[in-house]
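# Coordinate inspection notes
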Amino acid sequence: AKKKKKKSLSLGEIRSRLWESQMTYFCASFKVLQDELNRKILDSLLDFTRKCSSARQHSDWASQMRANEIPTAALVLGVNVPDHDITFQSLSELLHQSVTPHVASVEAKECGALKHLMKRVLERLMDTVVDDDEEETEHTSTQLHKRVNCSLSALCDWYITKTKKGFKANSSGLLEQQPPVVIIFKDLEAFNPRVLQDFILICSRYIERLPLMFIFGIATSPSTIQRMLPHSVSSLLCIELFQSLSCTQHLATVIDQLILTPQFPFKLNAKVMQVLLSIFLYHDFSVRNFIKGLQLALLEHFHSQPLSVLCCKKKEAVLNVMQLSHRDLERIRQLPSFKRYVEKQESQEQVNLMTDDCHLKETCRKMIKGLHKYHKNYYPILKCLHTLTSALPRYPLGKQIRELHLTCLEKNVWENEDYQSAMKLLKMLAKDELIALLQRCGEILKPVKSKKMKSTAFHIPIILCDFLSFVLFLTAVVSEMAPSVEDSITSPIKNLQKKTDLFQLQKTLLEMNETRRSKKLSPFEILRNEALEFIDSLVKSHLSPPESQTLHEVCYYSSSATVRRHLNATPRTSIQAALSSPYYYLQNENLKTEDGTVSNAAPDICIAYKLHLECGRLINLYDWLEAYATVVSAADGNDPDSDGYGKVDEVKHARFIRSVSELEFLGFIKSTKQKTDHVARLTWGGC
């Protein structure tokens, strides 16, 4: 029997698989990185819970005094509230695995009253139904058997039963005999202070029978506890403070390890990156939402760009080039970067590129390899430049690497005035500072598997050897050297750091430039200039913007408007668009109109909304009803000359009242005390 040939995948299927694999890789990498970033704070919390649980077993007087208080961990997570769920989920899982099976997490929105808080805690700890006197629902006999009273005494009885069973099954240690009961308050600021106070007071009466432990999730400041709880209540808690990594540091790590790396083929251009950073900095500080924006851009890129089949690892991309159809090759010929490349070629080469598909495929293979080589060299040099410039005062190219990356994406960074200022400041560094920075650059470049980067990493140690040789020579003869020579190798930047006035800084720089011109360079200054010229040559060779690379469109997503529209939503604009142009959402041909008018067949709320736009600040409800009835009569196909045309009947009246109620609910109108038969209009201007 003949072997069946494997069915080759279409380019559409390849795109779909590439998107799925890259999304999976990115999500898995982000989860691993998230766990690493949270590991320190979570390990500290686990140690705290173990320590407090074991302290209950001690019989000394100090431990007994603290045992009368409820151990409480105040976990300050920052204002990036959407990211808190991931942290609490990881914390709950770790507590279950290594400390205690008795963990309950509660949120303020489900605990408006004390009985609701008590009920949620008991249900999640005991995994059963808790009685609520106000709820009159029918239950089966099995459910009735499982129901318990909503009180901590019931929880105590349940805990004693559980621990006795656990002790009989496994008596390996004291911690397993009496595991703590951990209650996590995810959003402390949102809780009703009175509810929280009463709950703590009740729990304090059972602390001898029940090893309770609290974890407070705080978004703002630890002083929130003092603000919400009076001293009589807070004195019942033994509070220890835990501070998580700030959201800006978290984002910087994510960008550095997940985005600024050649391992992830998909890239963002400067505008899209700026949109995501703006939403992060000016809206929610949420790293999780930043990642969602990146995932959205990834999905949009693979959906809207047919050539995204080349957005993958080098070997796979080179193979996919050979599968491109004539239509795909025509798309390549229309790319702006490819057109610029063709214009620079000789006339015969231009003809071959525009007419010969085989020749174009071979050229595209070389271009794809060049694009991957560009990314492999770009990121190490970017990190080297950031290492050097972030050590300077006032951070001329930005404190965070994302700021430098945005500058490099937009234009040639070496043409930037801030870059030139940074290079001048680097020429004022002392030998120790410069040697330390160059050593860090060498460590960044050493792991890179690129021929150019290997030669660069080899060149930096040579520079360092020259510096160290000079330092040893200087140390041997320093006692015989004149003070003027000693001064020539000291760092002028130390004096600059003391002066915070910008005018004084500029004045000092100008004076130093004039002095340097008239003065002969010392051996150290010659070495320093050679090292910085070498760094400058690396920047000019490898940090050109991605738009300068041919076929960069296959990897870089550039539709910032799409990302902004999806992530930075404007509900009022969407609602007004739906009410003014229902065809846009319903796609019903009967609703299609021109000049911004609304069809008679439109939904009732659209007709009422359009009529209310023609009114002033106060709207007469009766006039509005009559106008509505006239439009609806035309939609029903009634004869305009008939007696009943435009008259209000019960059905039209009911439909109108419902439409007005919906507009009031959406915030377009409100009732007014000025005139009882009028409503006030609240919105002005269109979409």
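Here's what I pulled together on the structure shown here. In this text the structure is predicted, and so the values were computed from the model without any measurement.

Right, let's talk about the packing of helix α14 (residues 314-321) against helix α18 (residues 357-389) for a bit. For the pair α14 and α18, interaxial distance at closest approach is 9 Å and the crossing angle is 165 degrees. It follows that α14 is roughly antiparallel to α18 by the angle criterion. For the pair α14 and α18, the sense of crossing is right-handed. Contact with α14, carried on its side by Lys314, Ala317, Val318 and Val321, involves Lys361, Cys364, Arg365, Ile368, Lys369 and His372 of α18 and no other residues of that element.

Following both chains from N to C, one finds helix α11 (residues 247-259) and helix α13 (residues 287-304) inclined at 30 degrees, their axes separated by 10 Å at the closest point. With respect to their mutual orientation, α11 and α13 come out roughly parallel. Residues Cys247, His250, Leu251, Val254, Ile255 and Ile259 of α11 lie in contact with α13, whose contacting residues are Val287, Phe290, Ile291 and Leu294.

With that out of the way, let us pick up the nonpolar core. Ranked by size, the top nonpolar core spans 97 residues in total, and within it Phe266, Leu268, Phe338 and Leu543 carry the most contacts. If you tally residues by element for this core, the top one is α18, at 13 residues. Here leucine 543 is in contact with Tyr378, Ile381, Leu382, Leu385, Cys408, Val413, Trp414 and Leu538, once residues within four sequence places are set aside.

The next point concerns the sheet that holds strand β2 (residues 103-106). Pairing within the open sheet is parallel, and its five strands lie in the order β2-β3-β4-β1-β5. A single partner strand is all that each edge strand has here, and the edge strands are β2 and β5 (237-243). Across the sheet, the axes of successive neighbouring strands diverge by a mean angle of 20 degrees, strand direction being ignored. Sheet topology note: the β2/strand β3 (residues 181-185) ladder contains four bridges and is parallel. Looking at the pairing, valine 106 lines up with phenylalanine 185 of β3. Sitting on the sheet, helix α4 (residues 114-126) touches β2 and β3, and the angle it makes with β2 is about 145 degrees.

Tracing the backbone shows threonine 550 in the loop between α26 (523-542) and β7 (556-557). Given the relative accessible area of 18%, threonine 550 is considered buried. With residues near it in sequence (within four places) discarded, threonine 550 still touches Ser337, Phe338, Tyr341 and Met367.

The rules behind the values
- Residues numbered from 1 in each chain as written.
- Predicted model: local features only at pLDDT ≥ 70, side-chain atom pairs only at ≥ 80, totals over all residues.
- Heavy atoms only, no water.
- Axes fitted to C-alpha atoms, helices over the stretch in contact; angles between N-to-C directions.
- Helix = DSSP H or I, 4+ residues; strand = E, 2+ residues; numbered from the N terminus.
- Parallel < 35°, antiparallel > 145°, perpendicular 65-115°, else oblique.
- Left-handed = near helix turned anticlockwise from the far one by under 90°.
- Contact = heavy atoms within 4.5 Å.
- Core = buried A, V, L, I, M, F, W, Y, C linked by side-chain atoms within 4.5 Å.
- Buried < 20%, exposed > 50% of the residue type's maximum accessible area, 1.4 Å probe, protein only.
- Pairing = 2+ DSSP bridges.

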